[in-house]
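# Inside the fold
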Amino acid sequence: RLGKKIKRAILTVPAGWDNNRVLATKEAGLMAGFKDVLTKPEPEMAALAFGMLRVKMERLFVYDLGGGTFDAAIGTAARGNVTMDDNLGEELGGSDFDKAVWRYLAKAYQQDEGKDLNAQQIAQIKLMPIIEDAKRELSDTEKSVIEAVGIYVDYESGGTRDIKYDLTREKFDELTQHLVDSTITITKRLLERNNKTVREFDQVLLVGGMTRVPAVRAAIEGLFGKKRIRDRENPDLAVVKGAAIAA
């Protein structure tokens with residue numbers, strides 16, 4: 001589509017990944033045909049997207065909650081340079097929020113229908129995309145309907161069974177509060193490790209699609225305060241945009 005061969009690539013990786021995983025990612029890029037591959041931490045690339053190359057001196061905190069990983073990072077932007085001084089991460093992201101809803105629905109279905117959704121893998125395969133859509137919808141509305149036809153194969157009757165449940169934002173927040181709390185615990189641990197307080201940061205950059213979740217946003221605002229929060233960039237595209245700038 002570009003009309004020319006791409007020889008160089010920047011591949012972004014979670015800040016918390018160890019060297020083995022970073023090297024494996026770089027090797028994958030080389031195997032894909034790129035001649036020169038650079039790996040860059042996602043929080044650093046996101047900071048570029050937020051225009052940090054243009055500031056004189058800013059102390060940054062990056063809260064990056066994506067689909068599968070969470071990164072908290074401390075950095076500095078000064079006179080055209082962005083550096084990340086320390087980070088802490090965990091394999092925690094949007095998929096964990098989806099699984100929490102799945103467990104709730106499976107339990108409710110067992111109680112209401114007497115059928116175990118966990119016993120049929122196809123049920124989870126069908127339902128997880130619907131759960132993910134409901135999660136996104138709940139960022140803007142107070143209720144979403146999770147509905148699927150033929151979600152369960154009833155071998156006794158030879159037919160199938162459907163599923164339909166209302167999921168409120170309040171219930172979603174209840175099911176996933178422990179996950180939000182985990183990100184805040186990691187954030188506080190990183191601050192303590194660096195002897196930093198929330199007041200020492202000029203900007204807190206929200207990165208990753210999961211920062212659209214109201215409960216996530218509220219937790220970060222509760223810790224850092226609203227005035228430091230920066231979310232003008234599309235959180236889903238911030239890392240990609242930053243990598244394009246770096247390239």
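Here is a short report on the structure shown in this document. (Residues numbered from 1 in each chain as written. Predicted model: local features only at pLDDT ≥ 70, side-chain atom pairs only at ≥ 80, totals over all residues. Heavy atoms only, no water.)

A word on the overall build of the chain. Looking only at helices and strands, the chain features seven helices and nine strands. With the principal axes as the frame, the chain shows a C-alpha extent of 70 × 45 × 30 Å. For the chain, with 247 residues in total, the buried portion stands at 45%. Put simply, 67% of the contacts in the chain that link residues at least 6 apart link residues at least 24 apart. In the chain, 38 positive and 38 negative side-chain charges are present, and the distance between their average locations comes to 8 Å. (Helix = DSSP H or I, 4+ residues; strand = E, 2+ residues; numbered from the N terminus. Buried < 20%, exposed > 50% of the residue type's maximum accessible area, 1.4 Å probe, protein only. Contact = heavy atoms within 4.5 Å. Lys, Arg positive; Asp, Glu negative; His and termini not counted. Charge placed at Lys NZ, Arg CZ, Asp CG, Glu CD.)

Another aspect to go through is the sheet that holds strand S3 (residues 58-65). Spatial ordering of the open sheet is given by S5-S4-S3-S8-S9, a layout of five strands whose pairing is mixed. Each end of this open sheet is capped by a strand with a single partner; those strands are strand S5 (81-90) and strand S9 (229-230). In the packing of helix H2 (residues 42-49) onto the sheet, contacts are made with S3, strand S4 (70-78), S5 and strand S8 (203-207), and the angle to S5 comes to roughly 135°. (Pairing = 2+ DSSP bridges. Axes fitted to C-alpha atoms, helices over the stretch in contact; angles between N-to-C directions.)

Here we come to the layout of surface pockets. The computed volume of the largest pocket comes to approximately 270 Å³. Of all elements in the fold, only helix H3 (94-113) and helix H4 (121-137) reach the threshold of two or more residues within the lining of the largest pocket. Classifying every residue of the lining of the largest pocket by side-chain character gives two nonpolar, six polar and seven charged. (1 Å grid on protein atoms, 1.4 Å probe; cavity = no way out; pocket = protein on both sides within 12 Å on 5 of 7 lines; lining within 4 Å. Points joined across faces, edges and corners; volume = space filled by probe spheres on them. Nonpolar A, V, L, I, M, F, W, Y, C, P; charged D, E, K, R; others polar.)

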